[in-house]
Amino acid sequence: MKAEIYARGPIACTINSHPDVFKHYHGGIIQCNSTTDSSCDGFLTHLIVLTGYGIDKKTGLYYWSGR
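Since this is a predicted model, take the numbers as computed values, not measurements. Counting from 1, residues in each chain are numbered in the order their sequence is written. Residues qualify for local features only when their pLDDT is at least 70, as the model is predicted, and side-chain atom pairs are given and counted only at 80 or more; totals for whole chains, interfaces and linings, by contrast, use all residues. Only hydrogens and water are removed before side-chain values are computed, so all heavy atoms of the structure are retained for them.

**Student:** Help me out: how do you make sense of the environment of S65 in this one?
**Tutor:** Among the structural elements, S65 can be located in strand β3 (residues 62–66). In this structure, the C-alpha to C-alpha distance between S65 and I11, residues 54 residues apart in sequence, is 11 Å. Residue contacts follow a heavy-atom distance rule, with two residues in contact if any of their heavy atoms lie within 4.5 Å. Setting aside its immediate chain neighbours within four residues, S65 contacts V49, L50, T51, G52 and Y53. Going along the chain from the N terminus, every DSSP run of H or I of four or more residues is numbered as a helix, and every run of E of two or more is numbered as a strand.

**Student:** Can you walk me through the packing of aromatic side chains in this structure?
**Tutor:** Between rings of Phe, Tyr and Trp, where Trp is taken as its six-membered ring, a pair exists when centres lie within 6.5 Å; planes separated by under 30 degrees are stacked, by over 60 edge-to-face, and by other angles tilted. Summed over the entire model, instances satisfying the criterion amount to one aromatic pair. Their ring planes at 70° and their centres at 6.1 Å tell us that Y53 and W64 sit as a pair that is edge-to-face. Here the residue Y53 occupies a position in strand β2 (residues 46–55), and W64 occupies one in strand β3, the gap between them amounting to 11 residues. Think of it in three bands: with a 1.4 Å probe and only protein chains considered, a residue is buried below 20% of the maximum accessible area for its type, exposed above 50%, and partly exposed in between. Take Y53: its relative accessible area is 34%, and that puts it in the partly exposed class.

This is how it looks when you write it as structure tokens:
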């Protein structure tokens with residue numbers, strides 16, 4: 001996915017937007033682990049556009065940016 005975004009620009013993908021982390025989002029990197037939180041697993045419910053990616057300098061976490 002990174003190579004595709006780098007070469008051609010934004011791409012579409014689907015996500016499960018039901019977990020509470022989406023309902024209470026106020027900024028930053030959303031983290032959801034399906035092995036510890038069953039609400040992260042399940043159906044793909046929304047189509048989004050991934051516009052980029054990076055690494056958070058403070059935490060070292062890889063992230064995707066999207067809309």
